[in-house]
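One letter stands for each residue in the lines below.
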Amino acid sequence: MSEDTNNDDPGREEPADEHDEGEAQRGFTFEDMRLAVGDRLQIECTARTGVRRAFVRVVGYVDGISLLVSTPVSGGRRVELVENDPVIVRVFSRQSAFAFRASVLRACRLPFDYVHLSFPTVIQGSVIRKATRVRTQFPVQVSTEAGSAAGEGTMLNLSATGALIHTHAALGEQGSIVRLRFDADLHGVQSELDIAAEIRNVQQAPDAESEGIEYHYGVDFHALGAEDRMKIKSLVYQTIIEQPRRII
């Protein structure tokens, strides 16, 4: 069984609005984000810059006037922002995900590179559940506990504690242990995961395309190491921040 147990079944799809994140999205205040100097934010820039997303650090803020952040850098070069450029800022803070629109008030070079953003007035966010799931489409290699290959599949959703796997091959019965191998892209860095999982439930149905059987396996991650746990959580949180519509 996974270390963090809860009532969420990774194999059970719940009807959800495209913005459902465990609680309905609602407005938050700047104080709710609890930003501190040095916190990492994601910034979505205009097409003019040639950079879709970059990361910045909080330098400070003047309440109601300006949020100061470090100059975004991508590929080793600074992103040239100019006054009035619109940006979207996203941040994961504690157990919440936030997003707000701002505009560039001024890009400064002295005494160091930093940017004044307009102070956020409308902040959207949601409280994240303990094991919030996000929709994925990862190819995954599955093998049995004995080491024999069971086949290829697709990871349809992922949480910090489990996943939903779609496959055309039978992987085992409820309670069986399987190994999952898949690649994760964490902020542009490829990382391979090889983890054990316990089958919690199995659903099968005829596959109209292949005239065979398709399977959906809800699995709990089993005996995760600290590094793998960190990678999986980072992957979930990255998806929450960058693609909030994928939250289930």
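Visitor: Help me get a handle on the pairing of strand 15 (residues 189-207), residues and values and all.
Guide: As defined by bridge partners, strand 14 (residues 177-186) adjoins strand 15 across 10 bridges and the pair is classed as antiparallel. Along strand 15, the bridge assignment pairs D183 with E192.

Visitor: Run through the confidence of the model for the protein chain, naming residues and quoting values.
Guide: Summarising the model, the protein chain shows a mean pLDDT of 82, and 83% of its residues fall at 70 or more. Averaged pLDDT values over the elements of the protein chain bottom out at 72 in strand 1 (residues 26-28) and peak at 97 in strand 4 (residues 66-70). Here residues 1-25 scores under 50 on pLDDT; set against residues more than four positions off or in separate chains, the count is 60 contacts.

Visitor: Outline the side chain of K231, supporting the account with residue identities and numerical values.
Guide: Along the chain, the position of K231 falls in helix 2 (residues 226-242). Residue class for K231 comes out buried when judged on its relative accessible area of 14%. Not counting the four nearest positions on each side in its chain, K231 is found in contact with L186, S191, E192 and L193.

Visitor: Tell me about the environment of Q243, and name the residues and values.
Guide: The residue Q243 is located in the segment after helix 2 in this model. Taking the C-alpha atoms as reference points, Q243 and V134, separated by 109 residues in sequence, lie 9.1 Å from one another.

Visitor: I'd like to hear about unusual backbone geometry, residue by residue, with values.
Guide: The omega angle of the peptide bond from L110 to P111 is 0°, so this bond is cis rather than trans. Note that P111 resides in the loop between strand 8 (96-108) and strand 9 (114-118). One non-glycine residue, R34, adopts positive backbone phi at about 55°. Along the polypeptide, R34 turns up in the loop between helix 1 (30-33) and strand 2 (40-44). One non-glycine residue, N84, adopts positive backbone phi at about 80°. Here N84 is to be found in the loop between strand 6 (77-78) and strand 7 (86-93). Here N84 falls in the exposed class, since its relative accessible area comes to 62%.

Visitor: Account for the environment of E31, naming residues and giving values.
Guide: With respect to the helices, strands and loops of the structure, E31 is situated in helix 1. Separated by 32 residues in sequence, E31 and D63 place their C-alpha atoms 9.9 Å apart.

Visitor: Run through the nonpolar core, naming residues and quoting values.
Guide: In this structure, L158, I165, L180, F182, V219 and F221 are the most contacted members of the largest nonpolar core, which totals 29 residues. Here this core takes five residues from strand 14, the largest share from any one element. In this structure, I165 is in contact with V140, T154, M155, L180, Y215, H216, Y217 and V219, ignoring residues within four places of it in sequence. One finds V56, A102, V104 and V115 within the second-largest nonpolar core, a separate group that totals 26 residues.

Visitor: How would you explain helix 2 if you had to name every residue and give the values?
Guide: Between the first and last C-alpha of helix 2 there are 24 Å, a value that for 17 residues agrees with the 24 Å anticipated at 1.5 Å per step. Those residues of helix 2 not exposed but buried are R229, K231, I232, L235, V236, Q238, T239, I240, I241 and E242.

Visitor: Hey, could you go over the packing of aromatic side chains for me, with residue numbers and the actual values?
Guide: Counted by the stated rule, this structure contains seven aromatic pairs. Both rings, one in F28 and one in F98, keep their centres 5.1 Å apart while their planes meet at 85°; by these two values the pair is edge-to-face. Highlighted residues: F28 in strand 1 and F98 in strand 8, separated in sequence by 70 residues. Take F28 and F98: they sit in the same class, and that class is buried. Linked through ring pairs, F30, Y61 and F119 together constitute an aromatic cluster. Positioned over the ring face of F55 is R40, at 3.9 Å from the centre of the ring.

Visitor: Give a detailed account of the side chain of Q42, specifying residues and quantitative values.
Guide: Tracing the chain through its elements places Q42 in strand 2. Take Q42: its relative accessible area is 2%, and that puts it in the buried class. Not counting chain neighbours up to four residues away, the residues in contact with Q42 comprise R53, A54, F55, I88, V89, R90, I241 and E242.

Rules and cut-offs
Residues numbered from 1 in each chain as written. Predicted model: local features only at pLDDT ≥ 70, side-chain atom pairs only at ≥ 80, totals over all residues. Heavy atoms only, no water. Pairing = 2+ DSSP bridges. Helix = DSSP H or I, 4+ residues; strand = E, 2+ residues; numbered from the N terminus. pLDDT = per-residue confidence, 0-100. Contact = heavy atoms within 4.5 Å. Buried < 20%, exposed > 50% of the residue type's maximum accessible area, 1.4 Å probe, protein only. Core = buried A, V, L, I, M, F, W, Y, C linked by side-chain atoms within 4.5 Å. Expected span 1.5 Å × (residues − 1). Phe/Tyr/Trp six-rings, centres within 6.5 Å; stacked < 30°, edge-to-face > 60°. Lys NZ or Arg CZ within 6 Å of the ring centre and 35° of its normal.

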